[in-house]
Amino acid sequence: MRVKRVVISGNHRSTGHTCVSNSYERGGALVELALTMPLMILLLCGAAELGMVTYASIEVSNAARAGVAYGAQNPNSAGDTTGIQTAAAADAPDLTLGTTTVTTSCICSNGSASTCQPTDCSGSNIETILTVQTQASFDPHVHLPALPTTYTLHGQAVQKVLQ
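Residues numbered from 1 in each chain as written. Predicted model: local features only at pLDDT ≥ 70, side-chain atom pairs only at ≥ 80, totals over all residues. Heavy atoms only, no water.

Colleague: Explain the sheet that holds strand 3 (residues 97-108) here, please?
Modeller: Two pairing modes exist for strands in a sheet, parallel and antiparallel, and in both the strands are linked by backbone hydrogen bonds. The 3 strands lie next to each other as 3-4-5, forming an open sheet whose pairing is antiparallel. Each end of this open sheet is capped by a strand with a single partner; those strands are strand 3 and strand 5 (151-160). Pairwise comparison of adjacent strand axes, ignoring direction, gives a mean angle of 15 degrees for this sheet. As judged from the 11 bridges shared by strand 3 and strand 4 (residues 126-138), these two strands associate in the antiparallel manner. (Pairing = 2+ DSSP bridges. Helix = DSSP H or I, 4+ residues; strand = E, 2+ residues; numbered from the N terminus. Axes fitted to C-alpha atoms, helices over the stretch in contact; angles between N-to-C directions.)

Colleague: Could you clarify how one ought to interpret the state of the cysteines in this entry?
Modeller: By definition, a disulfide links the sulfur atoms of two cysteine residues through a covalent bond. A full pass over the atoms with the stated rule returns 2 disulfides. One disulfide bridge connects Cys106 with Cys116, the sulfur atoms lying 1.9 Å from each other. In this structure the cystine formed by Cys106 and Cys116 twists about its S-S bond by roughly 105 degrees; its chirality is therefore right-handed. Placement of the pair is Cys106 in strand 3 and Cys116 in the loop between strand 3 and strand 4, with a sequence separation of 10 residues. Of the residues examined, Cys106 reaches a relative accessible area of 13% and is grouped as buried. Taking the relative accessible area as the measure of exposure, Cys116 reaches 34% and is therefore partly exposed. Disulfide pairing is shown between Cys108 and Cys121; the S-S distance is 1.8 Å. Negative torsions about the S-S bond denote left-handed disulfides, and the value of about -85 degrees found for Cys108 with Cys121 makes this one left-handed. (Disulfide = S-S within 2.5 Å. Buried < 20%, exposed > 50% of the residue type's maximum accessible area, 1.4 Å probe, protein only.)

Colleague: I would appreciate a short explanation of the packing of helix 1 (residues 28-71) against helix 3 (residues 81-90) in the present structure.
Modeller: Two packed helices can be described by the angle between their axes and the distance between those axes. With their axes 7 Å apart at the nearest point, helix 1 and helix 3 run at an angle of 145 degrees to one another. In the packing of helix 1 onto helix 3, the handedness of the crossing is right-handed. Contacts between helix 1 and helix 3 involve Ala63, Ala66, Gly67, Tyr70 and Gly71 on the former and, on the latter, Gly83, Ile84, Ala87 and Ala88. (Left-handed = near helix turned anticlockwise from the far one by under 90°. Contact = heavy atoms within 4.5 Å.)

Colleague: Looking at this model, I keep getting lost on the pattern of salt bridges. Mind explaining?
Modeller: A pair can form between side chains of opposite charge whenever their charged atoms are brought close. Throughout the structure, instances matching the rule amount to 1 salt bridge. A salt bridge links Glu127 to Lys160, with the nearest nitrogen and oxygen atoms 2.9 Å apart. Here Glu127 is found in strand 4, whereas its partner Lys160 is found in strand 5, with 33 residues between them in sequence. Under the relative-accessibility criterion, Glu127 is labelled partly exposed at 22%. Here Lys160 falls in the partly exposed class, since its relative accessible area comes to 47%. (Salt bridge = Lys/Arg side-chain N within 4 Å of Asp/Glu carboxyl O.)

Colleague: So what exactly am I meant to see when it comes to the nonpolar core here?
Modeller: The tendency in soluble globular proteins is for nonpolar side chains to be buried side by side. One finds Ala56, Val60, Ala63, Ala88, Ala92, Leu95, Leu97, Ala136, Phe138 and Leu153 forming the largest nonpolar core, which totals 10 residues. Those elements that provide at least two residues to this core are helix 1 and strand 4. Among the elements that take part in this core, helix 1 stands out by supplying 3 residues, more than any other. In contact with Leu95, not counting residues within four places along its chain, are Ala56, Glu59, Val60 and Ala136. Listed in part, the 9 residues of the second largest apolar core include Ile84, Val132, Ala157 and Val161. (Core = buried A, V, L, I, M, F, W, Y, C linked by side-chain atoms within 4.5 Å.)

Colleague: I keep staring at the side chain of Thr131 and nothing clicks. Help me out?
Modeller: Examined against the element boundaries, Thr131 turns out to sit in strand 4. With sequence-adjacent residues up to four places away left out, Thr131 is seen in contact with Thr101, Val102, Thr103, Gln156, Ala157 and Val158.

Colleague: Quick question: what am I supposed to make of the environment of Gly67 here?
Modeller: Here Gly67 lies in helix 1. Contacts of Gly67, omitting those with residues within four sequence positions, involve Ile84, Ala87, Ala88 and Val132.

Colleague: It is not clear to me how a nonpolar patch on the surface should be interpreted in this structure. Could you clarify?
Modeller: On the surface, a cluster of nonpolar side chains totalling about 800 Å² of accessible area is made up of Leu30, Leu33, Met37, Leu39, Met40, Ile41, Leu42 and Leu43. Looking at the element boundaries, Leu43 is found in helix 1. (Patch = residues over 30% accessible without salt bridge, like charges linked within 9 Å, V, L, I, M, F, W, Y side chains within 5 Å. Areas by Shrake-Rupley, 256 points an atom, 1.4 Å probe, with all protein chains shown as cover.)

These figures capture arrangement, not role.
Below, the structure written as structure tokens:
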């Protein structure tokens, strides 16, 4: 038969009762902390990494919007591919944009299809649609075995060109 030793740790002033603790329970909080701290640190690192990926994704999308805003000013700027790419890159200072693709398409103002030829839209006007797609690679700080080492982020913006 085992005998447990009881340690008296002090008195409660409000009730006057004596606190009793078991010697086997000493350090329990320290053991719990040691077991849960690695999990808490892993969760904190994961949340920080998710925040960085989200920020980079927003930056890639905003770069596409900046490029399409530059190109949609008038028909001349819609054809300035280098200017659109420069505007997109300037809006993403924390990233190196990989590919910035600029495409134009046309539609008739009455909603019918157009191939951008002046004879396509009889009785209506041709409207030019500008599409800018951006892409960047993101390399996370923490590399986990089951996850990819880099992520490709995409952004796209579409806008009518002002006539």
